[in-house]
Amino acid sequence: MSRRTNGDNAASPRKATFTTMSGMEVPAAAGPADLAGWDPQMALGSPGQYPFTRGIHPAMYRQRLWTMRQYAGFGDADGTNQRFRYLLAQGQMGLSVAFDLPTQMGLDSDHALADGEVGRVGVAIDTLADMERLFRSIPLDRISTSMTINAPAAILMLMYAAVAKGQGVAPERIRGTIQNDILKEYVARGTYIFPIKPSMRLVTDTFAYAARQLPQFTPISISGYHIREAGSTAPQEIAFTLANGLAYVRAAVASGLDLDEFAGRLSFFFNAHSDFFEEAAKFRAARRIWADLMRREGALSPQSWQLRFHAQTAGSALTAQQPDVNIVRVALQALSAVLGGTQSLHTNAYDEALALPTEASARLALRTQQVIASETGVADTVDPLAGSYWVERLTNQLEKEARDYLARVEQLGGAVEAIRQGYMQREIQDAAYAFQRQVERGEREIVGVNVHQMDEQPLAEIYRQDRTLAARQIASLTDVRKGRDSGQVQTALARVGEAAQSGGNLLEPLAEAVLAYATVQEMCDRLRAVFGVYREGSA
């Protein structure tokens, strides 16, 4: 039977029903009825004012653009340093460091479990010597640096501070962020080392140290990105991320820190996925919820109520099929983050489903942000989507569903207990399975994967790693061990173990060990000896 085409009203709809990526109903047209009883003054306020739905700054990007912070790190420190300097020369505003899996797991490059993983998904950092090479000729008084590191986050932060000090940069001028979000590792990612309780102590010790010694450094970036990459829905991403945030806040207060002393320096990290309006609304809803949660926790400063976040386009949305199409995906995802009011942004390179980015693909990813900033006009007015019937309905619905999840987590006893019981993990797994089934049935269309497929040739250029890298890194590590003062190292490591046993702040003895050129593994092993290692279901 042929399809009638004599007018839109006569044509059959493409599908029987429409839903967002997270399964929320999409009406044919949103209108005033969708916002019945909605008070825009209470729900929106003004930009820069509670509840911060419209952004945390009154002028937003009219005053200052978001930080264009491309995520990079591969091979050894020298190679990554070259990529950093290249990106800065292309107009990047800040650095974002990826570390290899051995570093993330607190293992040195010559450990048996590091075999085949040295420098593969990030840069290998074994000692302060590597960090010094990583930031050679990069002025740390003018550049802020974000570091995606969790279990050994305190150690890498201390290494960064030591490099800055070596450059003559005063501690109070160092700007940057460590991810340091260990809870989401138990939920979604798996690069944890210690059990939950001592891991939380390490996080709060880092809060206290940063407040005293590094007043402009952000001691945690609470990540929903990896929760979403594991397959969560948008409401789950909001709820589980903010639930983890509450757990850190409460742990820090319980350790004796004043809430308003550190809350204004917390940051978040979200995924910018493919459902354009849902993603923009997600960021707006998250700000509104966090502002309310922090007031309920007793924060008095408006700065403590503000949710600041970095966004990264969705790595899980990149396809190996027709990889050039990823350029379009990334641009639209980035635009949703900008319209949602992000403070900084990473755009993925189109070839990342196949390999690490080449210089050319990394430059194009950065240019994508620069085009959005300079040519589209979307940064010229604050929250340009505000008042849209559909966007406000989505924002309200995302808020409701996220709050429902938050209530369930609270009923279970908070994020730590919800993780211990596997609640967050099960919810994410169920959502991921449901989405994959939709793709397999063709209910979710992905260009090049289940629609608009074609025969294609492989990319002419992809990044290929130097096979001699691991040997060079191990040789460098061996040289550092030979050249350092072994007695000084052992004394410093003994102090780390003593602080772990006694309950004192761990950062001071770790800083001493860093300056003695102790390795990441040596420091983590001293903590493992006291804390043990995490087993699923334990605390």
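The model shown is predicted, which means the values in this text are computed figures rather than measured ones.

**Focus on the overall build of the chain**
Thought 1: The helix and strand inventory of the chain stands at 21 helices and 10 strands.
Thought 2: Here the C-alpha atoms of the chain give a radius of gyration of 23 Å, agreeing with the 24 Å that 2.2 N^0.38 yields for 539 residues.
Thought 3: The principal-axis extents of the C-alpha atoms in the chain amount to approximately 85 × 55 × 45 Å.
Thought 4: In the chain, buried positions account for 55% of the 539 residues.
Thought 5: Counting only contacts in the chain whose residues sit at least 6 apart along the sequence, the fraction spanning at least 24 positions is 77%.
Thought 6: Carbon and sulfur atoms make up 50% of the accessible area of the chain, which amounts to about 22,500 Å² in all.
Thought 7: Averaging the coordinates of the 54 positive side-chain charges in the chain and doing the same for the 59 negative ones gives two points 2 Å apart.

**Remarks on the packing of aromatic side chains**
Thought 1: Counting across every chain of the model gives 20 aromatic pairs.
Thought 2: Geometrically, the ring pair formed by Tyr50 and Phe52 is edge-to-face, given 6.5 Å between the ring centres and 80 degrees between the ring planes.
Thought 3: Aromatic pair Tyr186 and Tyr192: ring centres 5.2 Å apart, planes at 20 degrees, arrangement stacked.
Thought 4: The buried category is assigned to Tyr186, whose relative accessible area is 6%.
Thought 5: Taking the relative accessible area as the measure of exposure, Tyr192 reaches 24% and is therefore partly exposed.
Thought 6: In textbook terms, an aromatic cluster arises when at least three aromatic residues are bridged by ring pairs, as seen for Phe268, Phe270, Phe283, Trp290 and Phe309.
Thought 7: We note Arg295 situated over the ring of Tyr50; from NZ or CZ to the ring centre the distance is 3.7 Å.

**Examining the pattern of salt bridges**
Thought 1: Tallying each qualifying case throughout the model produces 32 salt bridges.
Thought 2: Between Lys400 and Asp404 there is a salt bridge, with the nearest N and O atoms lying 3.2 Å from each other. Of the two residues, Lys400 and Asp404 are both situated in helix α15 (residues 389-411); the distance of four residues between them amounts to about one turn of the helix.
Thought 3: Accessibility expressed as a relative area gives 44% for Asp404, which makes it partly exposed.
Thought 4: Three or more residues joined by partner-sharing salt bridges are found here, namely Arg288, Asp292, Arg296, Glu399 and Arg403.

**Some details on the nonpolar core**
Thought 1: If you look at the biggest cluster of nonpolar residues, it comprises 143 residues, and the most contacted ones within it are Phe135, Met159, Trp290 and Met424.
Thought 2: Ranked by residues supplied to this core, first place goes to helix α5 (residues 153-166) with 12 residues.
Thought 3: Residue contacts for Trp290: discarding those within four places in its chain leaves Leu242, Gly245, Leu246, Val249, Leu266, Phe268, Ser304, Trp305, Gln306 and Leu307.

**A word on the pairing of strand β3 (residues 95-98)**
Thought 1: Every second residue of β3 is oriented toward a common face, with Leu95 and Val97 on one face and Ser96 and Ala98 on the other, all of them buried.
Thought 2: Following the backbone out of strand β2 (residues 71-72), through helix α2 (residues 77-89) and into the adjacent parallel β3, one traces a crossover that is right-handed.
Thought 3: Where β3 meets strand β4 (residues 145-148), four bridges bridge the pair, whose relative direction is parallel. Across the sheet, Leu95 pairs through a bridge with Thr145, a residue of β4.

**Considerations on the side chain of Asn81**
Thought 1: Take Asn81: it is sitting in helix α2.
Thought 2: Among the residues examined, Asn81 registers a relative accessible area of 0% and is labelled buried.
Thought 3: In this structure Asn81 touches Arg133, Leu134, Phe135, Arg136 and Ile138, once residues within four positions along its chain are discounted.

**So, the confidence of the model for the chain**
Thought 1: Residues at a pLDDT of 70 or more form 97% of the chain, whose mean pLDDT is 94.
Thought 2: Low pLDDT, under 50, characterises residues 1-7; the stretch is placed with six contacts to residues that sit more than four places away or in other chains.

**A look at the environment of Ala349**
Thought 1: Its location among the elements puts Ala349 in the loop between β10 (344-346) and α14 (359-375).
Thought 2: For the pair formed by Ala349 and Arg14, sequence separation is 335 residues and the distance between their alpha carbons is 32 Å.

**A word on the packing of helix α19 (residues 486-502) against helix α20 (residues 507-515)**
Thought 1: Remark: α19 packs on α20, axes separated minimally by 8 Å, with the N-to-C direction vectors making an angle of 160 degrees. With respect to α20, the element α19 is oriented roughly antiparallel. By crossing handedness, the relation of α19 to α20 is classed as left-handed. Residue-level inspection shows Thr491, Ala492, Leu493, Arg495, Val496 and Ala499 of α19 in contact with α20, the latter providing Pro509, Leu510, Glu512 and Ala513.
Thought 2: Grouping the amino acids of the contact of α19 with α20 by side-chain chemistry returns seven nonpolar, one polar and two charged.

**Focus on the environment of Arg201**
Thought 1: Take Arg201: it is sitting in helix α7 (residues 196-213).
Thought 2: Once you skip the residues sitting within four places of it in the chain, Arg201 turns out to touch Ala499, Ala500, Gly503, Gly504, Leu506 and Phe531.
Thought 3: Within the structure, Arg201 has its side chain in polar contact with the backbone oxygen of Ala500 (distance 2.9 Å).

**Re the sheet that holds strand β6 (residues 217-218)**
Thought 1: Read across the sheet, five strands follow the order β2-β3-β4-β5-β6 without closing on themselves; strand pairing throughout is parallel. Looking along the sheet, the strands with just one partner apiece sit at the ends: β2 and β6.
Thought 2: Sheet topology note: the β2/β3 ladder contains two bridges and is parallel. Residue pairing in the sheet places Ala72 in a bridge with Val97 of β3.
Thought 3: Across the sheet, α2 is in contact with β2 and β3; its angle to β3 comes to roughly 155 degrees.

**A look at helix α21 (residues 520-531)**
Thought 1: For α21, which comprises 12 residues, the first-to-last C-alpha distance of 16 Å matches the rise-based estimate of 16 Å (1.5 Å per residue) to within 8%.
Thought 2: Buried within α21 we find Val520, Gln521, Glu522, Met523, Cys524, Leu527, Arg528 and Phe531.
Thought 3: Among the structural elements, α3 (101-104), α5, α7, α19 and α20 are those in contact with the buried residues of α21.
Thought 4: One or two positions beyond α21, positive phi appears at Gly532, with a value near 80 degrees.

**Points about the packing of α5 against α7**
Thought 1: Close contact between α5 and α7 brings their axes to 10 Å; oriented N to C, the two are set at 25 degrees. It follows from the interaxial angle that α5 and α7 lie roughly parallel. Here Ala154, Met157 and Leu158 of α5 come into contact with α7, specifically with Leu202, Thr206 and Tyr209.
Thought 2: Grouping the constituent residues of the contact of α5 with α7 by class yields five nonpolar, one polar and no charged.

**Details of the environment of Ala494**
Thought 1: Take Ala494: it is sitting in helix α19.
Thought 2: For Ala494, a relative accessible area of 28% puts it in the partly exposed group.

Conventions we followed
- Residues numbered from 1 in each chain as written.
- Predicted model: local features only at pLDDT ≥ 70, side-chain atom pairs only at ≥ 80, totals over all residues.
- Heavy atoms only, no water.
- Helix = DSSP H or I, 4+ residues; strand = E, 2+ residues; numbered from the N terminus.
- Rg over C-alpha atoms; globule rule 2.2 N^0.38 Å.
- Buried < 20%, exposed > 50% of the residue type's maximum accessible area, 1.4 Å probe, protein only.
- Contact = heavy atoms within 4.5 Å.
- Areas by Shrake-Rupley, 256 points an atom, 1.4 Å probe, with all protein chains shown as cover.
- Lys, Arg positive; Asp, Glu negative; His and termini not counted.
- Charge placed at Lys NZ, Arg CZ, Asp CG, Glu CD.
- Phe/Tyr/Trp six-rings, centres within 6.5 Å; stacked < 30°, edge-to-face > 60°.
- Lys NZ or Arg CZ within 6 Å of the ring centre and 35° of its normal.
- Salt bridge = Lys/Arg side-chain N within 4 Å of Asp/Glu carboxyl O.
- Core = buried A, V, L, I, M, F, W, Y, C linked by side-chain atoms within 4.5 Å.
- Right-handed = clockwise from strand over helix to strand, strands pointing away.
- Pairing = 2+ DSSP bridges.
- pLDDT = per-residue confidence, 0-100.
- Axes fitted to C-alpha atoms, helices over the stretch in contact; angles between N-to-C directions.
- Parallel < 35°, antiparallel > 145°, perpendicular 65-115°, else oblique.
- Left-handed = near helix turned anticlockwise from the far one by under 90°.
- Nonpolar A, V, L, I, M, F, W, Y, C, P; charged D, E, K, R; others polar.
- Polar contact = N/O pair within 3.5 Å; in protein donor to acceptor, adjacent residues only side chain to side chain.
- Expected span 1.5 Å × (residues − 1).

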